[in-house]
Amino acid sequence: MFPTLKTGAVMQYPAKRTLRFNTDTIRFLDGTEQRFRDNPSVLHAWTIRLDLLDEAELATLDQFFISNQGRFGSFSFTDPWDGTVYPNCSLEGDTFGFQLSGEMRGKTTLTVCENRT
Amino acid sequence: MLYFPQLSSGAAGQFPVTRQRVARTVVNQSCQSYETKLADPGASITEWHLSFEELTDQELAALEALFQTVEGRLTPFTFLDPVDNLLAWSEQQDQAVWQAEPLLTLTSGLSDPLGGTNAYRVSNPSAATLMLQQTINGPASLDYCLSLYSRSDPSTRVWLLRGSESDARTISTAWTRPYSAGQLQSTADTISFGIALDPGSTIDIFGIQVEAQTTASLYKRTAEVGGVYQNARFRDDTLTITTLGPSRHSCELDIVNVEYI
């Protein structure tokens, strides 16, 4: 499970959600096109920007990144917009960083993406 | 032992601090977005960007001396993460990194002060004082602060162990967070932290934390990775210092810890 903040929330505003299809296009000499879908369904991604986190919340996210070994591991993620549980998600990147500009003033960004199952 | 120096205040760093972890995953992606992934845990990197303002001549001299001794990015040194708990497995005292004396009994799964069930009950049924400790590969001469959540019913006494020092603290029935801080007159390359229980006493503990500073900050949970990095290096071969006046220096530097070098 993706960790929640102390408030119980997963994300903060501004929150970004991405829907991704994968369409192949073949363009012919006369300008016409033939399109077909590469993916059987849409894939979701969530960009989680977090600000004013305390050190414990940052440590929890850090441990989550370590235990997942970056984008290698998979986990379930609950979409905070509609409560849908996506059982097979991963971190999008192999990098996790944060800036601590003072006590309880941590800032970080993570992107969670749905895997094709 | 080469190690990154503390400031004269005993602080390990100044805000802002930036830390980044980089993992390596080999991904084979098909046209239909199916992925096969392989982890490469040995290739992980941890990086810090540190900013220092208003350094004194002494503080700058210590930093410069380290930079010259390690010859820029050539040689590794020990770096104690200023924003992390130096102990590994802070919530699993039954892991091998914790050295519990044989007669000490540990019971896991108790409710903890943060709302979980990660506290331990530690009992000493013997007639001697028994210890639970973890040793870190950090220089014993630095300032350290050991802290933990603890409670006991009935109220009892616990010893906080910090190297050769031991401080007695009275534990009440409610969760409190006693700490022991200070600097040792020792040149050892390792130092142990933990608790000691008087004969017949029982206490609940949670969230043992050690930081290379003079007081305790918010508790940070750790697993297999603690905040001691023995293969840290300066990222660059240059160290630029700005001097604003007598004993008023500032600089920024990047440190990387790469295990595979």
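Residues numbered from 1 in each chain as written. Chains lettered and ligands numbered in written order. Predicted model: local features only at pLDDT ≥ 70, side-chain atom pairs only at ≥ 80, totals over all residues.

1. Some remarks on the sheet that holds strand β10 (residues 143-151) of chain B
Residues and elements named next belong to chain B.
Moving on, step 1. Sheet architecture is open: five strands sit in the order β7-β8-β15-β10-β13, paired in antiparallel fashion. Here the strands that pair on one side only, and so sit at the sheet edges, are β7 (105-110) and β13 (179-183). On average, adjacent strands in this sheet sit at an angle of 30 degrees to one another, irrespective of strand direction.
Moving on, step 2. Relative to strand β15 (residues 202-211), strand β8 (residues 119-123) runs antiparallel, the two sharing four bridges. If you follow Val 122 over to β15, its bridge partner there is Ile 203. (Pairing = 2+ DSSP bridges. Helix = DSSP H or I, 4+ residues; strand = E, 2+ residues; numbered from the N terminus. Axes fitted to C-alpha atoms, helices over the stretch in contact; angles between N-to-C directions.)

2. Quick notes on the interface of chain B and chain A
Moving on, step 1. Between chain B and chain A, the residue contacts involve 27 residues of the former and 30 residues of the latter.
Moving on, step 2. Elements with a contribution of two residues or more to the side of chain B that touches chain A: β1 (17-22) and β3 (35-39) of chain B.
Moving on, step 3. Tallied by class, residues from the side of chain B that touches chain A come to 14 nonpolar, six polar and seven charged.
Moving on, step 4. As defined by bridge partners, strand β7 (residues 95-100) of chain A adjoins β1(B) across six bridges and the pair is classed as antiparallel. If you follow A:Gln99 over to β1(B), its bridge partner there is B:Thr18. (Contact = placed C-beta atoms within 7 Å. Nonpolar A, V, L, I, M, F, W, Y, C, P; charged D, E, K, R; others polar.)

3. What about the sheet that holds strand β14 (residues 191-197) of chain B?
Sheet strands associate in pairs through backbone hydrogen bonding, adopting either a parallel or an antiparallel arrangement.
All names here are of chain B.
Moving on, step 1. With antiparallel pairing, the five strands of this open sheet are ordered in space as β6-β9-β14-β11-β12. With one partner strand each, in any of the chains shown, β6 (98-100) and β12 (165-171) form the two edges of the open sheet. Along the sheet, successive strands turn relative to each other by an average axial angle of 20 degrees, direction set aside.
Moving on, step 2. Sheet topology places strand β11 (residues 156-162) next to β12; seven bridges connect them, and they run antiparallel. Bridging across to β12, Thr 156 finds its partner in Ile 171.

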